[in-house]
Structures are given as structure tokens and as C-alpha cells.
Amino acid sequence: MPRTLEGQITMEKTPSYFVTREAPARISAMSKDTKLIVVVRDPVTRAISDYTQTLSKRPDIPTFESLTFKNRSTGLIDTSWSAIQIGIYAKHLELWLRHFPVGQMLFVSGERLISDPAGELGRVQDFLGLKRIITDKHFYFNKTKGFPCLKKAEGSSKPHCLGKTKGRTHPEIDPAVVQRLREFYRPFNLKFYQMTGHDFGWDG
Ligand SMILES: Nc1ncnc2c1ncn2[C@@H]1O[C@H](COP(=O)(O)OS(=O)(=O)O)[C@@H](OP(=O)(O)O)[C@H]1O
């Protein structure tokens, strides 16, 4: 990490930190005052999104349905498959809470980041002790992309949407498999809501 002067904030983003066992101790050893921001979305949609990303690079992989189960007839989920394992947020969070107080972590809703980006970024700015510079007026909904985009990219006067790798169309998944995954995640989600003090609304 670069040196940070008084009045500056240094930010670092890596999707895998949250699920890397060594990360909490290492980050705490570097600076125990580090503020942590975690973006989470419905773990079922997350798993399908993860699969969609892999499929785009390796079109020959087995179906989502077959990778989900250790044994499809008994409904036993393969929790060693990373697309499934990453969504067990409560388990990952337990390891972080051994090193950081929960108040030093902000959990951003991936769903609200799409439905109300300015609102969710308002929470981020407050958490970081920043003025609310980014507001509703910075965003518009791009119908072609199907997502909110920036009216002006930084240092430019042109609108800016995220790239093609963000917001891909997901394949159709057998509804029974989706239902089984919802059942599987439910207790972990409820635990996660308790731990964070925030109901993300993934379980109806
Ligand atoms: N504004 C906007 N535009 C496009 N996409 C948006 C936006 N806000 C959130 N998202 C969601 O971000 C998802 C991709 O982010 P990732 O978490 O995969 O990114 S990363 O790999 O962790 O960097 C991506 O997931 P998929 O839809 O599954 O592709 C989007 O749903």
C-alpha cells in the first residue's frame, strides 16, 4: 500500500479478500484501523453470476445444475465449489470478526447498488467520513445496458457505463435447483443478517 498523508484516504479493492482466510490477520497487522467495505448480493444470484463469468471464458464447462450438487438425487450441495462456497457470507464474516469490530465494516447491498446507486454510495461516503459529493444527479438509467451509468466519467464529459463483463445475461437455471439453493443459503443468510444487523431481503 502506498504511504497515506494526513487528509488522504488510500483504497484497495480485491474481490477475493473477503473469502481469503489469511486476509483478516494480514490487514489487521498492517493497520488495525482499516475500514472494510464488503459488497454482497443474494448468494444464489451471486453463484449464477460467478458461473456465467467462468462460462464466458470456458464454454465447455458442465452445467450449473450439475456443478451445484455432490449428489443430485439426495439434493446434497457441493459446498467445495467456489461459486457456492463464496456465498456462505456468515462463515467468512466470522473470521473477520476475530480481527475487526463489526462497526469497522460496511456491508453494501449489491441489489441496492443497482436500484439506488446514489443511496448506497451515500452510505459509503458517510462510512468513510466524506461529504456526500456523489448524489443522484451523477447517475442515469441506461436502458440498453439495463443498469445505472455515470452521466459523466471522471475527467470526461461523456456518459460512462461499466464494461461488457459487468451485467451479463445469466443462463436459465432449473427452478428446482434455484429453490434448493435458496433453502441451503437461508440459515446462513439469517445468521449474516443477525451479525451485520441488516436484513438484505434475500429471503422474502
Ligand atoms: N451499474 C452497474 N452496471 C453493471 N453492472 C453492475 C452495476 N451495478 C452493479 N452491477 C453488478 O456488478 C456485477 C459484476 O461485478 P463483480 O462483482 O463480478 O465484479 S468483480 O469481478 O468482483 O470485480 C454484475 O453482475 P452480473 O449481472 O452477474 O454480471 C452486475 O449485476
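So, how was this worked out
- Residues numbered from 1 in each chain as written.
- Predicted model: local features only at pLDDT ≥ 70, side-chain atom pairs only at ≥ 80, totals over all residues.
- Heavy atoms only, no water.
- UniProt positions renumbered as here; feature names shortened; annotations may be inferred.
- Contact = heavy atoms within 4.5 Å.
- Polar contact = N/O pair within 3.5 Å; in protein donor to acceptor, adjacent residues only side chain to side chain.
- Helix = DSSP H or I, 4+ residues; strand = E, 2+ residues; numbered from the N terminus.
- Phe/Tyr/Trp six-rings, centres within 6.5 Å; stacked < 30°, edge-to-face > 60°.
- Buried < 20%, exposed > 50% of the residue type's maximum accessible area, 1.4 Å probe, protein only.
- Lys NZ or Arg CZ within 6 Å of the ring centre and 35° of its normal.
- Expected span 1.5 Å × (residues − 1).
- Near = heavy atom within 4 Å.
- Nonpolar A, V, L, I, M, F, W, Y, C, P; charged D, E, K, R; others polar.
- Axes fitted to C-alpha atoms, helices over the stretch in contact; angles between N-to-C directions.
- Salt bridge = Lys/Arg side-chain N within 4 Å of Asp/Glu carboxyl O.

Chemist: What should I look at first to understand the UniProt feature "binding site: 3'-phosphoadenylyl sulfate" (unreviewed entry) in the chain in this one?
Modeler: Taking the numbering used here, the UniProt-annotated feature "binding site: 3'-phosphoadenylyl sulfate" (unreviewed entry) corresponds to R41, S49, K166, G167, R168, T169 and H170. Excluding its chain neighbours within four sequence positions, the residues that come into contact with R41 are R46, S49, Y89, G110, E111, H170 and W202. At a separation of 3.3 Å, a polar atom in the side chain of R41 contacts the side chain of S49. Within the element layout of this structure, S49 appears in helix α2 (residues 43–57).

Chemist: Can you help me understand the packing of aromatic side chains in this one?
Modeler: Geometry of an aromatic ring pair is reported as the spacing of the ring centres plus the angle between the planes. One pass over the structure, following the stated rule, counts 15 aromatic pairs. Taken together, a centroid distance of 6.2 Å and an interplanar angle of 10° make the contact between F192 and W202 stacked. Separated by ten residues along the polypeptide, F192 in helix α8 (residues 175–196) and W202 in the segment after α8 bring together distant segments of the chain. Considered together, F192 and W202 belong to a single accessibility category, that of buried residues. Among the aromatic residues, those joined into a ring-pair cluster are Y89, F107, F192, Y193, F200 and W202. Across from the ring centre of F127, 5.4 Å away, lies the NZ or CZ of K35, which sits over that ring.

Chemist: What's the story with α2 in this structure? I'm lost.
Modeler: The periodicity of an α-helix, 3.6 residues per turn, causes residues three or four positions apart to be oriented the same way. In this model α2 runs 21 Å from its N-terminal to its C-terminal C-alpha over 15 residues, within 8% of the 21 Å that 1.5 Å per residue would give. Considered for burial, the residues of α2 that qualify are P43, V44, R46, A47, I48, S49, D50, Y51 and T52. Buried-residue contacts for α2 involve α3 (64–68), α4 (82–85), α5 (89–96) and α8. Measuring from the backbone nitrogen of V44 back to the side-chain oxygen at the start of α2 gives 2.8 Å, which picks out D42 as the cap.

Chemist: Mind showing me how you'd approach the site of the ligand here?
Modeler: Near the ligand you find 14 residues, and of these K13, S49, K166, G167 and H170 are the closest. Within the side chain of R41, one N or O atom sits 3.0 Å away from an oxygen atom of the ligand. Within the contact set of the ligand, an oxygen atom lies 3.1 Å away from a backbone nitrogen or oxygen of R168. Of all elements in the fold, only α2 and β6 (147–150) reach the threshold of two or more residues within the shell around the ligand. Residue composition of the shell around the ligand, grouped by class: five nonpolar, four polar and five charged.

Chemist: Even after reading the chapter, I still don't get the packing of α5 against α8, so can you show me in this structure?
Modeler: The packing of two helices is summarised by the inter-axis angle and the distance between the axes. Direction vectors running N to C along α5 and α8 enclose 35°, while the axes themselves pass 8 Å from each other. The residues of α8 that touch α5, namely those facing Y89, A90, K91, L93 and E94, are F188, K191, F192, M195 and T196. Broken down by class, the residue content of the contact of α5 with α8 amounts to six nonpolar, one polar and three charged.

Chemist: So what exactly am I meant to see when it comes to the pattern of salt bridges here?
Modeler: Scanning the model with the defined rule gives nine salt bridges in all. Between D50 and R46 there is a salt bridge, with its nearest N and O atoms 2.5 Å apart. One end of the pair is D50 and the other is R46, both in helix α2 and four residues apart, which spans about a single turn. R46 matches D50 in its accessibility class, with the two residues each being buried. A salt bridge links R112 to D116, with the shortest nitrogen-to-oxygen separation between them at 3.2 Å. Residue classification places R112 among the partly exposed positions, given a relative accessible area of 39%. According to the relative accessible area criterion, D116 is partly exposed, its value standing at 23%.

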